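Below are the chains, spelled out letter by letter.
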Amino acid sequence: MSKTRKLMGLAAALAFAMVMLPASAFADTTQYDLFVNGEQFTSEKLTIECGEGTATYDPATQTLALNNASITNAVDYGGIHSKLTGDLTIALQGNNSITLDDNMGIMAAGNIEITGGQATSQLTSTEKPRTA
């Protein structure tokens, strides 16, 4: 009978601990259909390192902010690859570049609007020369 009591006490303690956990502990990670440098944005990863800069995604406004981002070869994804159902705004801050050997710089299912927050904001896209 003491084993039964111990098991019941353990089950009650476990149930109490589960009730006390925040709801976010059980929440699923949302994956967004947006990739930069071959990395996918998720609800837990809204900023991706791009060289010495960053790419930050705001899912509420479907805005991708590039801040001195250096985007390079991302196999099968291109530099920026959007499969979002709506349009994407790319907001430039500082000097940003996309340099690829053999891929698309920006691919999108919807429309893209590129905006610059400063007079010096720019985006440079170049393809490296191919060698035989």
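Residues numbered from 1 in each chain as written. Predicted model: local features only at pLDDT ≥ 70, side-chain atom pairs only at ≥ 80, totals over all residues. Heavy atoms only, no water.

Enquirer: Report on the sheet that holds strand β2 (residues 39–42), specifying residues and quantitative values.
Expert: Strands sit in the order β2-β1-β7-β10 across an open sheet of four strands; the sheet is mixed. Two strands lie at the open edges of the sheet, namely β2 and β10 (106–108), each paired on one side alone. Between one strand and the next, the sheet's axes are offset by a mean angle of 20°, whatever the strand orientation. Note that strand β7 (residues 80–82) and β10 share three bridges and pair parallel. Directly across from H81, in β10, lies its bridge partner M107. (Pairing = 2+ DSSP bridges. Helix = DSSP H or I, 4+ residues; strand = E, 2+ residues; numbered from the N terminus. Axes fitted to C-alpha atoms, helices over the stretch in contact; angles between N-to-C directions.)

Enquirer: Mind laying out the packing of aromatic side chains, listing which residues take part and the relevant values?
Expert: Applying the stated criterion across every chain yields a total of two aromatic pairs. A centroid spacing of 5.7 Å and a plane angle of 45° characterise the contact between F41 and Y57, whose relative ring orientation is tilted. Of this pair, F41 sits in strand β2 while Y57 is found in strand β4 (residues 53–58), placing the two residues 16 residues apart along the sequence. Given a relative accessible area of 0%, F41 falls into the buried group. Here Y57 falls in the buried class, since its relative accessible area comes to 3%. (Phe/Tyr/Trp six-rings, centres within 6.5 Å; stacked < 30°, edge-to-face > 60°. Buried < 20%, exposed > 50% of the residue type's maximum accessible area, 1.4 Å probe, protein only.)

Enquirer: Go over the nonpolar core with me, naming the residues and quoting the values.
Expert: Note that soluble globular proteins tend to have their nonpolar side chains buried in a common cluster. Residues L34, V36, F41, L64, L66, I71 and I80 are the most contacted members of the largest nonpolar core, which totals 19 residues. For this core, the elements supplying multiple residues, two or more each, are β1 (31–36), β3 (47–50), β4, β5 (63–67), β8 (88–93) and β9 (95–100). Non-local contacts of I80, meaning those with residues more than four positions away in its chain, are made with L34, F35, V36, L64, L66, I71, I90, I98, G105, I106 and M107. (Core = buried A, V, L, I, M, F, W, Y, C linked by side-chain atoms within 4.5 Å. Contact = heavy atoms within 4.5 Å.)

Enquirer: Break down the sheet that holds β8 for me, with residues and values.
Expert: Spatially, β3-β4-β5-β8-β11 is the arrangement adopted by the five strands of the open sheet, whose pairing is mixed. Looking at strand neighbours, the two that pair on one side only are β3 and β11 (112–116), the edges of this open sheet. Neighbouring strand axes in the sheet, compared pairwise and without regard to direction, differ in orientation by 20° on average. Bridge count between β3 and β4: four bridges; the pairing is antiparallel.

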